[in-house]
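What follows is the residue order along each chain.
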Amino acid sequence: MAWRFALMIDPAEPDDARTDFTPTFTEVDPAAPALSVGELSTQRGDGIFESVGVIDGHAQEVQAHLDRLAHSAELCDLPAPNLEQWREAVALAESRCGPGESVIKLILSRGVDHGPAPTAWITAARAADFSQVRVRGVRVVTLDRGYDSGVPARAPWLLLGAKTLSYAVNMAAIREAKRRGADDAIFVSSDGIVLEAPTASLILRIDDVYLTPAPNGGILQGTTQLSAFAWLEQQGLATEYRDVPTTQLHTADAAWLVSSVRLAAPISEIDGTPIAIDADFTARLNEYLLSPRD
Ligand code: PLP
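The structure displayed is predicted, hence computed values, not measured ones. (Residues numbered from 1 in each chain as written. Predicted model: local features only at pLDDT ≥ 70, side-chain atom pairs only at ≥ 80, totals over all residues. Heavy atoms only, no water.)

A. Geometry of the pattern of salt bridges. On inspection of all chains with the given rule, the structure shows 15 salt bridges. The shortest N-O distance in the salt bridge between Glu50 and Arg68 comes to 2.8 Å. On the criterion of sequence distance, the pair formed by Glu50 in strand E3 (residues 47-55) and Arg68 in helix H2 (residues 62-75) is long-range, its members being 18 residues apart. Summarising the burial analysis for this pair, Glu50 and Arg68 share the class buried. Here Arg179 and Glu176 are joined by a salt bridge, their closest N and O atoms 2.9 Å apart. A residue pair is termed a helical-turn pair when its members lie 3 or 4 positions apart in one helix, as Arg179 and Glu176 do in helix H6 (residues 168-179) at three residues. Taking relative accessible area as the criterion, Glu176 reaches 22% and is therefore assigned partly exposed. Linked through salt bridges whose partners overlap, the residues forming this network are Glu176, Arg179 and Arg180. (Salt bridge = Lys/Arg side-chain N within 4 Å of Asp/Glu carboxyl O. Helix = DSSP H or I, 4+ residues; strand = E, 2+ residues; numbered from the N terminus. Buried < 20%, exposed > 50% of the residue type's maximum accessible area, 1.4 Å probe, protein only.)

B. Broad picture of the pairing of strand E13 (residues 263-270). In terms of burial, E13 is largely enclosed, as seven of its eight residues are buried. Here strand E7 (residues 138-144) runs beside E13; their pairing, made up of three bridges, is parallel. The partner of Arg139 across the bridge, within E13, is Glu269. Examined bridge by bridge, strand E12 (residues 254-259) and E13 share four bridges and lie antiparallel to one another. The residue of E13 that forms the bridge with Trp256 is Pro266. Here E12 folds back onto E13 in antiparallel fashion, the turn holding three residues. Looking at chain direction, E13 and strand E14 (residues 273-274) are connected through two bridges and run antiparallel. Paired with Ile270 across the strands is Thr273, a residue of E14. From the end of E13 to the start of E14, which pair antiparallel, there are two residues, and Asp271 there has a positive phi angle of about 50°. (Pairing = 2+ DSSP bridges.)

C. Representation of H2. In this model H2 runs 20 Å from its N-terminal to its C-terminal C-alpha over 14 residues, within 8% of the 20 Å that 1.5 Å per residue would give. Regarding H2, the residues found buried are Val62, His65, Leu66, Arg68, Leu69, Ser72 and Ala73. Seen end-on, H2 carries its buried residues on one side only, within an arc spanning 160°. Each element contacted by the buried residues of H2 is listed here: E3, strand E4 (58-59), helix H3 (83-95), strand E5 (101-109) and helix H7 (223-234). Positive phi shows up at Asp77, right after H2, with a value of about 55°. (Expected span 1.5 Å × (residues − 1). Arc of directions from axis to C-beta. Contact = heavy atoms within 4.5 Å.)

Purely geometric numbers; function is a separate question.
Written as structure tokens, this is what we have:
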């Protein structure tokens, strides 16, 4: 997947009221080196990011992604991003995405070691083809996240509710899931509460209620889950944020991993036990997620 657009951003103060931030953007060759070797994003994973899905040149749910970027920045003690500046950068990147599915990444790093300012940039590229997985689904295994459900409140410095660049653990969990013969993982707390997947939120259907674990600091608030819940509610379907004990996972009659680029991947198996795929419903959900959303 070749990068085809990259923009370095000179971060503006949050109260900078400019209406045209073009002078703060520098388009760079996506194939050329652009970061300093002193970058704390690469040395320490010290920064935050967002991945925005783009459908036929329309960036999806930009405001929700910007809100989460600002939330992550606050949790990480990074300077508050100027959201209008980021919105304009996303608009520029989106204008370079052609037909089909693309992904725009927003990255805000703490910057260069001992440097004066954070480093910010945006990339855009064609997205991987997830059309099969949206139909065929994913087999998942539950993996212990290694902390109990009191940890987010007890140890906020673990930054569990922030979308940080430190995804090594998440990637290791997916590799472990593959070693166990599955495609993906569902993290559970050490006291047996269902959390999220390494790169997606979980939605379960139990007794006709669409459930997702509450984003109470221990997991990310998923923009796709938020959007899916709005769509479900429009149709009069019941949604709920609820703590789900791991022991209740098998009571779901359908389940999905949802995220901005893969969209809704139905779960076909949990820890080796098959779970039915509701093909019609999944197709309608993905049709909605593929339609232009703001
Ligand atoms: N949870 C984690 C840990 C993620 O990394 C992601 C997305 O990358 C999500 C949930 C889903 O978030 P979104 O729907 O905004 O893509």
